[in-house]
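Commentary on secondary and tertiary structure
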Amino acid sequence: QVQLVESGGGLVQAGRSLRLSCAASGNILSLNVMGWYRQAPGKQRELVASINNAGSTNHADSVKGRFTISRDNAKNTVYLQMDSLKPDDTAVYYCNLDQWLGNYWGQGTQVTVAS
């Protein structure tokens with residue numbers, strides 16, 4: 001089985017930064033994609049950014065230039081550096097791992113950006 005443990009969420013003022021971390025453990029295959037999703041109340045869950053085992057990334061247009069996803073394959077950990085945060089970034093952020101053996105989710109961590 002796979003477990004995802006997230007950290008780094010919290011309350012921050014607009015214009016500040018946060019760094020989210022997600023550590024994966026268990027049966028992790030070498031070929032996989034890890035990513036961050038977010039969901040605000042009353043809205044659909046959306047992809048924020050993703051990164052595969054080779055380091056190829058994808059960022060949503062709404063966060064390009066502000067957020068950066070990265071990973072440490074040796075630690076099976078994915079990060080999301082969030083700069084220039086806006087109130088619209090407020091949401092529950094979920095870590096995800098997708099591989100041939102299954103798709104897994106973290107418990108979610110709250111990010112609140114105050115204006």
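Quick note: structure is the one above.
Read on for an overview of the structure. Keep in mind the model is a prediction, meaning the values are calculated, not measured.

Things to note about the overall build of the protein chain
Along the protein chain, the regular secondary structure elements total 0 helices and 11 strands. Taken against the 2.2 N^0.38 rule, which gives 13 Å for 115 residues, the C-alpha radius of gyration of the protein chain at 13 Å falls within 12% of a compact globule. Expressed along its principal axes, the backbone C-alpha trace of the protein chain runs to roughly 40 × 25 × 20 Å. Scored against the burial criterion, the 115 residues of the protein chain give a buried share of 42%. If you take every contact in the protein chain between residues at least 6 apart in sequence, the share linking residues at least 24 apart comes to 51%.

A word on the packing of aromatic side chains
The description of two aromatic rings rests on the distance between their centres and on the angle between their planes. In the structure shown here, the tally under the stated rule is 2 aromatic pairs. Judged by centre distance (5.0 Å) and plane angle (65°), the ring pair of Tyr-37 and Trp-105 falls under edge-to-face. Here Tyr-37, found in strand S4 (residues 33-39), pairs with Trp-105, found in strand S10 (residues 102-105); they are 68 residues apart in sequence, far enough to count as distant. Summarising the aromatic geometry, the rings of Tyr-94 and Trp-105 are spaced 6.4 Å apart at their centres and angled 85° between planes, so their arrangement reads as edge-to-face. Of the two residues, Tyr-94 sits in strand S9 (residues 91-99) while Trp-105 sits in strand S10, which places them 11 residues apart along the sequence. A relative accessible area of 16% means that Tyr-94 is categorised as buried. Following the ring pairs from residue to residue traces out a cluster consisting of Tyr-37, Tyr-94 and Trp-105.

Comments concerning the nonpolar core
Counting 29 residues, the largest nonpolar core has Trp-36, Leu-80, Met-82 and Tyr-93 as the members making the most contacts within it. Among the secondary structure elements, those contributing two or more residues to this core are strand S1 (2-7), strand S3 (18-26), S4, strand S5 (46-52), strand S7 (67-72), strand S8 (77-82), S9 and strand S11 (109-114). Contacts of Met-82, omitting those with residues within four sequence positions, involve Arg-16, Ser-17, Leu-18, Leu-20, Arg-66, Phe-67, Tyr-93 and Val-111.

A look at the environment of Leu-31
Topologically, Leu-31 is positioned in the loop between S3 and S4. On the accessibility criterion, Leu-31 (61% relative accessible area) is exposed. For the pair formed by Leu-31 and Val-113, sequence separation is 82 residues and the distance between their alpha carbons is 34 Å. Here Leu-31 is in contact with Asn-53 and Gln-99, once residues within four sequence places are set aside.

A closer look at the pattern of salt bridges
When charged atoms on two side chains of opposite charge get close, those side chains can pair. Throughout the structure, instances matching the rule amount to 4 salt bridges. The residue Glu-46 makes a salt bridge to Arg-38 at a minimum N-O spacing of 2.8 Å. In this structure Arg-38 comes out as buried when scored by relative accessible area, which is 7%. Of the charged contacts, one joins Lys-64 and Asp-61 as a salt bridge, the two residues approaching to 3.2 Å between their closest N and O atoms. On the basis of relative accessible area, Lys-64 is assigned to the exposed category, the value being 52%.

Focus: the pairing of S3
Two faces belong to every sheet, and in a regular strand the side chains alternate between them. Where S1 lies against S3, 6 bridges are found, and the strand directions are antiparallel. Bridging from a neighbouring strand, Glu-6 pairs with Cys-22 of S3. Sheet topology note: the S3/S8 ladder contains 6 bridges and is antiparallel. Along S8, the bridge assignment pairs Ala-23 with Thr-77.

Scoring rules and cut-offs
Residues numbered from 1 in each chain as written. Predicted model: local features only at pLDDT ≥ 70, side-chain atom pairs only at ≥ 80, totals over all residues. Heavy atoms only, no water. Helix = DSSP H or I, 4+ residues; strand = E, 2+ residues; numbered from the N terminus. Rg over C-alpha atoms; globule rule 2.2 N^0.38 Å. Buried < 20%, exposed > 50% of the residue type's maximum accessible area, 1.4 Å probe, protein only. Contact = heavy atoms within 4.5 Å. Phe/Tyr/Trp six-rings, centres within 6.5 Å; stacked < 30°, edge-to-face > 60°. Core = buried A, V, L, I, M, F, W, Y, C linked by side-chain atoms within 4.5 Å. Salt bridge = Lys/Arg side-chain N within 4 Å of Asp/Glu carboxyl O. Pairing = 2+ DSSP bridges.

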